[in-house]
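Reading the structure
The residues making up each chain are set out below.
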Amino acid sequence: MPLRKIPLAATLLAATLSALAGPPPTPVHDVTQVLHGVTVHDPYRDLEDVKSAATQDWLKAQGSYADSVLATMPERDALAKRIDELGRATGDLIREVVRLPGDQLFYLKREAGHAQFKLVTRNGLSGAERVLVDPEQLAQAKGVPHAINYFVPSWNGKLLAYGMSAGGSEDASLYVMDVASGKALGEPVPRVHEGLVHWTPDSRALSYNQIRDLPAGSPPTETFLDTTVFLLQAGAEAKTAKPLFGPLVNKALKLDRLDVAGVTFDPSSRYMLARTTDTTVQEGKLFVAPVADLGKPQIGWRQVSAFDDGVTDVRLFGNTLYLRTHKGAPRGRWLSLDLAKGQTVANAKTVIDEPSEGVLKGLVIGKGGTLYAELSRGFSTRTWRYAPGQAPADMAPGRVGSTFTIDDPAHAFADVWLLSSAWTEPARVLRSMGADKPPVDTGLLQIRVPPGTPALTVSEVMVPSHDGVQVPLAIIHRADMKRDVPHPTLLVGYGAYGLSMEAFFNPRSVAWLERGGVLAYANVRGSGALGEEWHRAGFKTTKPNTWKDGIASAKYLIDKGYATTKTLGIWGTSAGGIFVGRAVTEAPDLFAAAIFDVGMMDTIRSEESANGITNISEFGTVKDPVEFKALLEMSTYHQIRDGVAYPAVMLIHGINDPRVDVWQSAKAGARLQAASTSGKPVLLRLDGQAGHGVGSTATQQASKLADVYAFMLWQFGQATSTTAAATPAPKSP
C-alpha cells in the first residue's frame, strides 16, 4: 500500500465519482462464541487475517475510497497548506536531550521543513552540532520512512547505541556507533524493540532486551513472551552476547513469561538492577546484584520488590536505591533503601512523602545526590528540589505552565535543566541554578509562535460527571471569541494506563484555532491526573467512567455555549479508542463527527494479538467472567447497533501498527458502515508506510491533521462548499 499523498486537482472529478459510489461492501461471515453464558457475535472476524489476499484487497479498496472522499473536502488543501506553513514557521524541534560529563549533549532534532528527527551531538551550548544518524538518508535510499526509536550514549560519551525501524513498524534493530568517527561497530542486532538498552559503568558493554526469533506460524501472543536480556561487548558479534536475565535464563526466580526486563547500571554504583514489567503497566518485579557478578558463571540476583509493592519507577545512586510507589500513597511517594545492607522495600524509608495535593512523579538525581522530583497538578507539572531539612522549592519560580526535569544520568551537574511547556507558549530548555533565581533560557530550543497567530486564552475547569465526580477539562480558543454562536469544537481524551494530558503548545493547532475553533482536552478517569485512585477509577470493571466522563465533558461544552451537537467532534487515539468509540456509541446524538485514531475497538479479541496480551493487566481478560463482562461493555465493535444514526466517523490506522492491529479499525469501520442510518460517511483512512504514529514523518503527521480538521469542518457544515455524502453499505444481521 503506497504512502498517502494529497491528490492532485486533476483527480478531483474521479474522486467525487468514487465518493458517490459509496464504500466497498464487506462480506459478512458471522462467527459466534459463547463466553461465560453470553453469545458474542463477530460478523467481520475474517478481517483479522490481515495477510490474506481478500483482506488486503478490501483494505486497499477502503483506503482508496477514503482518499477519494477526503480529496473532495473543500477545506482540505487550504488546511494542509496552512499546517505546513505553521510547521515551517515554528522553527527546529528538539527532544530527548541527554547531558553527559564534559558538557557533551545528545538529542534528536528535526529541522523546519524536514521530514524526520536526526540524532545529533555537540560539546556544550557553544559547540557545533554534528549529525550522527540521519533517517532521511535511509528513507531516500530505500523508499520507506525510517525513524530512531531510542538512543543511549555510553557514560563517557564515546560510544552510542540506538534503535532504528522502518515504516512505523517499531521493529527496531540495535546499532552501536563510535561517536568520534561516526562508524558502526559490529553488525545490527535484530528484534530489540524496546529502549531497554543500558551501558555498563565502564562503557565497554551494553545490556539489551531481545524478543525471540519465532518460527513461522507461531501465534502472535508469543511475541513478547520469554524475552531475554543479553550483555554484549561493544563491537562484538551478537552471537557472543551473554544471557543476563529473563524467564528462560533465571528459572529459580520463577519469573512470568511476560516479565519483560531491562538490566540497568549507574556509574556511581557497584550494583545493577533488573526490573520487569509486562510493557504496559509500570508495576513489576525488581532484582539487584553486584556488577562484579557479570564476570561470574552465575549472577546472584536478589529480589527487593514485587508487583504488589506498587513500584512504578526506580533510580540508583551509589548504594542507595530510590523507588516510587503508590502503595498506601495513591498520589505517590519516593522511598530509599540501602543495598549494601541487603534491604528490601519492606525496610525502605520515605524520602519524599505523598503530597497533600497533586501527584508525585519522576525523580532526577543531580551532583552530590541532590533530588529533583516532578509534582503534577491539573494539566501542569513542576520540578521541585527536595533537600534534607529544607522546604521543597520550585526550580522555576514565576514560570508559566510545566517544567519537566531533563535527566542528569551521570549525576554530574550542580545545575538542573528543565523543559518548559504551556498551552499558549512555545517550549524552552531552561537552566536553573536554584529556587531563589529565575531560570535562564539555554537557547537550545528556539520554537516560535507562528506569525499571525491570534491571541489565545485557556480555561481549566472541573466538570461534573454522571456520578457527580469532578473531571479536569482544559479549553483553548481565540481570546476574542464570543459564545453567542456555536463554534467548531473538538474534544480530545485518552484515559488509560495512568497517563495524563499535559499543557503543551502545538503550533499546527493554530490552523484550527485561528478559524474560531475550540480545542478541549479532558483528563478523564483512567488517566493519572489525580493519582492512582483516578487511574483505577477508569480501569477494567470501572472503565465506563472513562467514556462517561467524556460524555459529561461534551455536554458541558454544549451547555456553556462553545458548541452544539452540530458543531462538536470528538477524538481519541490508541487506548483512547475506548474513550471515543464508546462515547459515540452510547451518546451518538451528541456529536457531529468523530475520529477513531489507531483505536482499540474490539476488546474481546484484543488479547489474541501480540500487544493485546500485554494489555490484560490494564483492561482485563475474557477468561475471567467479571472482566469479560467489562470488556464486552468497553468494546466499541460489539456495542454498535443496527438502525442507529451515528455521527460521521473517520478511522485512522497505519498498516504496520504493532500496538493496535489494523484489523481493529477495519472491523469497527465495516460494522459502522453497515449499521448506521444517518447517511453520514464512515471512512477508513489508511497509511501503508505508517504504524501507531511512532516514527511518523512530519509530512505524515501534517497530512493526518489536515484530514482531521477538514473532516470536522465538512461535517459541521462550516466548509466553504459541500461534497457528496457516503452511501451506507447493506446492514449486517
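Residues numbered from 1 in each chain as written. Predicted model: local features only at pLDDT ≥ 70, side-chain atom pairs only at ≥ 80, totals over all residues. Heavy atoms only, no water.

**Focus: the overall build of the chain**
For the chain, the count of helices and strands is 13 helices and 37 strands. If you line up the chain on its principal axes, its C-alpha atoms span 70 × 55 × 55 Å. Taking all 733 residues of the chain together, 59% fall into the buried category. Summarising the internal contacts of the chain: among those between residues at least 6 apart in sequence, 59% fall at separations of at least 24. Approximately 28400 Å² of the chain is accessible, and the part contributed by carbon and sulfur atoms is 53%. The distance from the centre of the 74 positive side-chain charges to the centre of the 74 negative ones in the chain is 2 Å. (Helix = DSSP H or I, 4+ residues; strand = E, 2+ residues; numbered from the N terminus. Buried < 20%, exposed > 50% of the residue type's maximum accessible area, 1.4 Å probe, protein only. Contact = heavy atoms within 4.5 Å. Areas by Shrake-Rupley, 256 points an atom, 1.4 Å probe, with all protein chains shown as cover. Lys, Arg positive; Asp, Glu negative; His and termini not counted. Charge placed at Lys NZ, Arg CZ, Asp CG, Glu CD.)

**Focus on the sheet that holds strand β35 (residues 593-597)**
Read from one edge of the open sheet, 8 strands run β30-β31-β33-β32-β34-β35-β36-β37, paired in mixed fashion. The sheet is open, and its two edges are formed by β30 (456-464) and β37 (682-687), each paired on a single side. Shown here is a sheet whose adjacent strand axes are inclined to one another by a mean of 20°, direction ignored. Bridge count for strand β32 (residues 489-493) against strand β33 (residues 518-522) is 5 bridges, and the pairing is parallel. The residue bridging Val-492 from the neighbouring strand is Tyr-521, located in β33. On top of the sheet, helix α2 (residues 53-71) reaches β36 (648-654) and β37; it is set at about 110° to β37, its chief contact. (Pairing = 2+ DSSP bridges. Axes fitted to C-alpha atoms, helices over the stretch in contact; angles between N-to-C directions.)

**Focus: the pattern of salt bridges**
Tallying each qualifying case throughout the model produces 44 salt bridges. A salt bridge links Glu-48 to Arg-605, with the nearest nitrogen and oxygen atoms 2.8 Å apart. Linking Glu-48 in the loop between β2 (38-42) and α2 with Arg-605 in the loop between β35 and α9 (616-619), this pair joins segments that are 557 residues apart in sequence. Judged by relative accessible area, Glu-48 falls into the buried class, the value being 16%. Residue class for Arg-605 comes out buried when judged on its relative accessible area of 16%. With a shortest N-O distance of 3.9 Å, Lys-327 and Asp-309 are connected by a salt bridge. Note that Lys-327 is positioned in the loop between β19 (320-325) and β20 (333-338) and Asp-309 in the loop between β17 (302-305) and β18 (311-317), a separation of 18 residues in sequence. (Salt bridge = Lys/Arg side-chain N within 4 Å of Asp/Glu carboxyl O.)

**A few points about the packing of aromatic side chains**
This model, assessed by the stated rule, comprises 13 aromatic pairs. Ring plane angle 70° and centroid distance 6.4 Å describe the contact between Trp-512 and Phe-716, whose orientation is recorded as edge-to-face. Of this pair, Trp-512 sits in helix α5 (residues 510-513) while Phe-716 sits in the segment after α13 (698-715); the two residues are 204 residues apart in sequence, bridging distant segments of the chain. Note on Trp-512: relative accessible area 2%, which makes it buried. Here a set of aromatic residues connected by ring pairs shows up, and it is made of Phe-379, Trp-423, Phe-504 and Tyr-521. Note that Arg-99 overlies the ring of Phe-413, its terminal NZ or CZ placed 3.8 Å from the centroid. The positively charged end of Arg-582 is found above the aromatic ring belonging to Trp-547, 4.6 Å away from the centroid. (Phe/Tyr/Trp six-rings, centres within 6.5 Å; stacked < 30°, edge-to-face > 60°. Lys NZ or Arg CZ within 6 Å of the ring centre and 35° of its normal.)

**So, the side chain of Asp-597**
Looking at the secondary structure, you find Asp-597 in strand β35. For Asp-597, a relative accessible area of 2% translates into the label buried. Polar side-chain contacts of Asp-597 include one of 3.3 Å to the side chain of Thr-573. In this structure, Asp-597 is in contact with Trp-571, Gly-572, Thr-573, Ser-574, Ile-652 and Lys-704, ignoring residues within four places of it in sequence. (Polar contact = N/O pair within 3.5 Å; in protein donor to acceptor, adjacent residues only side chain to side chain.)

**Some thoughts on unusual backbone geometry**
Phi at Lys-254 takes a positive value of approximately 55°, unusual for a residue other than glycine. Residue position: Lys-254 is located in the loop between β13 (242-245) and β14 (260-264). For Lys-254, a relative accessible area of 71% corresponds to the exposed category. Its identity as a non-glycine residue notwithstanding, Tyr-497 has a phi of 60°, on the positive side. Along the polypeptide, Tyr-497 turns up in the loop between β32 and α5. A relative accessible area of 19% places Tyr-497 in the buried class.

**A short note on the pairing of β2**
Relative to β2, strand β1 (residues 31-35) is paired through 5 bridges, and the arrangement is antiparallel. Along β2, the bridge assignment pairs Val-31 with Asp-42. The antiparallel hairpin formed by β1 and β2 contains 2 residues in its connecting segment, where His-36 sits at a positive phi of about 50°.

Function cannot be read off these values alone, since they describe shape.
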